[in-house]
Amino acid sequence: MTSKNLLIVFHSKSGKTSKMCDAVYEGATDPEVNDVEVTRLATQEAFAEHLLRADGLILGTPENFGYMSGQMKDFFDRTFYEVEGQIAALPFAMFISAGNDGTGALTAIRRIAKGYPFIEVQEPVIVKGELKDSDLQQCRELGLAIAIGLEAGIY
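Given the structure is predicted, the values throughout are model-derived calculations rather than measurements. (Residues numbered from 1 in each chain as written. Predicted model: local features only at pLDDT ≥ 70, side-chain atom pairs only at ≥ 80, totals over all residues. Heavy atoms only, no water.)

Trainee: Describe the pattern of salt bridges, listing the residues and the values that go with them.
Mentor: Counted according to the given criterion, the structure contains six salt bridges. For the salt bridge of Arg40 with Asp22, the shortest nitrogen-to-oxygen distance reads 2.8 Å. Of this pair, Arg40 sits in strand 2 (residues 36-42) while Asp22 sits in helix 1 (residues 16-28), and the two are 18 residues apart along the sequence. Taking relative accessible area as the criterion, Arg40 reaches 33% and is therefore assigned partly exposed. For Asp22, a relative accessible area of 39% puts it in the partly exposed group. Ionic pairing is found between Lys132 and Asp135, a salt bridge with its closest N-O pair at 3.6 Å. On the basis of relative accessible area, Lys132 is assigned to the partly exposed category, the value being 45%. (Salt bridge = Lys/Arg side-chain N within 4 Å of Asp/Glu carboxyl O. Helix = DSSP H or I, 4+ residues; strand = E, 2+ residues; numbered from the N terminus. Buried < 20%, exposed > 50% of the residue type's maximum accessible area, 1.4 Å probe, protein only.)

Shown next, in the form of structure tokens:
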């Protein structure tokens, strides 16, 4: 069996989204998962070649001014045309640290994702306000679900 590649791309300014990303990564690299290689990159470190190698994708962003972070938008700007027509439908999921309700960031990412094409395979984790242990557990579960789904060939 060929190992699958899961790419996690995130941006964090205050550290909240980074903590969420750590939990997603922890879930994706759970000992239950054997045949998935997980790469975690900050948005400015992620490029088209990373997307071209990915079998699955998890995106994490803070909500800034009711939208995704500028760094996440920059990631999309730098990779869209470079991968256009070169990737099959890529399963993806999201986690968002929100000051408001996260819907602006969620809507914008969903709209952009359709053009790649990314196919949303799990409900997003949206954390409003302070980060709680239960939120981090949801992030771990998100990472684990995507990794197990890739390994099992569900996605």
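Trainee: Hey, could you go over the packing of aromatic side chains for me, with residue numbers and the actual values?
Mentor: Counted according to the given criterion, the structure contains six aromatic pairs. Relative to Tyr116, the ring of Phe76 lies with its centre 5.8 Å away and its plane at 55°, an arrangement referred to as tilted. You can see Phe76 sitting in helix 3 (residues 70-83) and its partner Tyr116 sitting in the loop between helix 4 (103-115) and strand 6 (118-120), a full 40 residues away along the chain. Residue classification places Phe76 among the buried positions, given a relative accessible area of 3%. The interplanar angle of 50° and the centroid separation of 5.7 Å between the aromatic rings of Phe92 and Phe118 together place this pair among those described as tilted. Within this pair, whereas Phe92 is found in strand 5 (residues 90-98), its partner Phe118 is found in strand 6, the two being separated by 26 residues in sequence. Relative accessible area serves as the criterion here: at 1%, Phe92 is assigned to the buried category. Linked through ring pairs, Phe75, Phe76, Phe80, Tyr81, Phe92, Tyr116 and Phe118 together constitute an aromatic cluster. (Phe/Tyr/Trp six-rings, centres within 6.5 Å; stacked < 30°, edge-to-face > 60°.)

Trainee: Would you mind going over the packing of helix 1 against helix 5 (residues 133-152) in detail, with residue names and values included?
Mentor: Between two packed helices, both the angle of their axes relative to each other and the distance between the axes serve to describe the pair. Remark: helix 1 packs on helix 5, axes separated minimally by 6 Å, with the N-to-C direction vectors making an angle of 40°. In terms of orientation, helix 1 lies oblique with respect to helix 5. Two packed elements cross with a definite hand, and for helix 1 against helix 5 that hand is right-handed. Contact residues: Lys19, Met20, Ala23, Val24, Glu26, Gly27 and Ala28 in helix 1; Leu136, Cys139, Arg140, Leu142, Gly143, Leu144 and Ala147 in helix 5. A breakdown of the residues in the contact of helix 1 with helix 5 according to their chemical character gives nine nonpolar, two polar and three charged. (Axes fitted to C-alpha atoms, helices over the stretch in contact; angles between N-to-C directions. Parallel < 35°, antiparallel > 145°, perpendicular 65-115°, else oblique. Left-handed = near helix turned anticlockwise from the far one by under 90°. Contact = heavy atoms within 4.5 Å. Nonpolar A, V, L, I, M, F, W, Y, C, P; charged D, E, K, R; others polar.)

It is worth stressing that arrangement in space is one thing and function is another; only the former is reported here.
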